[in-house]
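An overview of the molecular structure
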Amino acid sequence: MTRTREPLISLALYHAFKWSVISPLLHTYFRGKIYGAENVPQSGPLIVVSNHASYFDPPIVSTSVLRPVAYMAKEELFKVPVLAQAIKLYGAYPVSRGSADRNAIRSALEYLDNGWAVGVFLEGTRTTDGRIHDPKRGAALLAAKAKAPFLPVCLWGSEKILQPGSSLPRSVPLTIRIGQLIDAPSSTKKEELEMVTQRCANAINEMHDLGR
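Taking an unreviewed UniProt entry as the reference, the protein is identified by name as 1-acyl-sn-glycerol-3-phosphate acyltransferase belonging to Aphanizomenon flos-aquae FACHB-1249. Quoted verbatim from the Sequence similarities (unreviewed entry) field of the UniProt record, the comment on the protein reads "Belongs to the 1-acyl-sn-glycerol-3-phosphate acyltransferase family." For the record of the protein, the UniProt heading Catalytic activity (unreviewed entry) holds the text "a 1-acyl-sn-glycero-3-phosphate + an acyl-CoA = a 1,2-diacyl-sn-glycero-3-phosphate + CoA".

Put into structure tokens, the structure is as follows:
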């Protein structure tokens with residue numbers, strides 16, 4: 001029998017939170033537009049790679065691709081009240097940024113092996129303009145090990161949700177674009193990982209250039 005990542009109660013809470021909180025926020029408060037939803041495979045292992053400009057990005061991406069996504073999120077986020085509970089419901093698990101967190105990598109590979117999608121922010125941290133400037137190879141390494149394709153996703157506008165000194169999200173328009181699948185690397189050689197990582201970054205930045 002294939003073991004699932006979470007018990008049914010966790011999946012029920014995930015969907016309840018998604019449809020009662022995140023989806024209404026995305027489509028009404030943030031006036032979200034989603035393009036390319038037809039590009040999302042609804043089964044099988046998948047690595048969702050995206051840009052990152054806001055703490056709200058993980059649940060927004062998960063809602064937009066219409067399937068649960070386990071996120072490798074920096075451990076600091078799990079210390080933020082309310083946000084910690086929200087991202088846990090959305091499958092997030094902690095990773096120590098800037099170090100080789102073997103437990104996080106092992107968890108990601110386990111989720112992928114069970115057919116779940118895993119989300120990775122390609123730059124590993126937020127950027128002020130929403131673009132990817134310095135993509136990291138972590139997602140490519142996971143893809144190579146799991147033989148899982150990439151799904152490039154671009155968030156446009158999320159960097160404006162929170163303003164300095166404010167804890168309340170602003171009602172700003174968001175656009176989410178979902179690109180074509182990109183094949184996993186055929187090896188874990190540094191050169192190939194860097195090449196496919198840059199390909200993912202280029203695809204996301206090109207979608208970001210399209211704007212609203």
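On to helix H4 (residues 102-113), then. A turn of α-helix holds 3.6 residues, and therefore any two residues three or four places apart point the same way. Its twelve residues give H4 an end-to-end C-alpha distance of 16 Å, which sits within 8% of 16 Å, the value for a rise of 1.5 Å per residue. Every buried residue of H4 is accounted for by Ala104, Ala108, Tyr111 and Leu112. The buried residues of H4 all sit within an arc of 100 degrees when viewed along its axis, so they share a single face. Along H4, the residues that are exposed and aim more than 90 degrees away from the buried face are Arg102, Asn103, Arg106 and Asp113. Against the buried residues of H4 lie strand S2 (46-50), strand S3 (69-74), strand S4 (93-95), strand S5 (117-121) and helix H5 (138-146). Where H4 terminates, the next one or two residues include glycine 115, which has phi positive at roughly 90 degrees.

What follows concerns the sheet that holds S3. Spatial ordering of the open sheet is given by S1-S7-S6-S2-S5-S3-S4, a layout of seven strands whose pairing is mixed. Across the chains shown, the open sheet's two edge strands, defined by having one partner strand only, are strand S1 (33-35) and S4. On average, each strand axis in the sheet is inclined to that of its neighbour by 25 degrees, with strand direction left out of account. In this fold helix H2 (residues 57-65) packs onto S1, S2, S3, S5, strand S6 (150-156) and strand S7 (175-178), with an angle of close to 120 degrees to the strand it touches most, S6. Across the sheet, H5 is in contact with S2, S3, S5 and S6; its angle to S2 comes to roughly 170 degrees.

This part covers the packing of H5 against helix H6 (residues 190-209). One way to put it is that H5 packs onto H6 with a least axis distance of 9 Å and a crossing angle of 115 degrees. The angle between H5 and H6 falls in the class roughly perpendicular. The chirality of how H5 crosses H6 is right-handed. Counting all contacts with H5, which are made through Ala140, Leu141 and Ala144, the residues of H6 involved are Leu193, Val196 and Thr197. Among the residues forming the contact of H5 with H6, the class breakdown is five nonpolar, one polar and no charged.

What counts as what
Residues numbered from 1 in each chain as written. Predicted model: local features only at pLDDT ≥ 70, side-chain atom pairs only at ≥ 80, totals over all residues. Heavy atoms only, no water. UniProt positions renumbered as here; feature names shortened; annotations may be inferred. Helix = DSSP H or I, 4+ residues; strand = E, 2+ residues; numbered from the N terminus. Expected span 1.5 Å × (residues − 1). Buried < 20%, exposed > 50% of the residue type's maximum accessible area, 1.4 Å probe, protein only. Arc of directions from axis to C-beta. Contact = heavy atoms within 4.5 Å. Pairing = 2+ DSSP bridges. Axes fitted to C-alpha atoms, helices over the stretch in contact; angles between N-to-C directions. Parallel < 35°, antiparallel > 145°, perpendicular 65-115°, else oblique. Left-handed = near helix turned anticlockwise from the far one by under 90°. Nonpolar A, V, L, I, M, F, W, Y, C, P; charged D, E, K, R; others polar.

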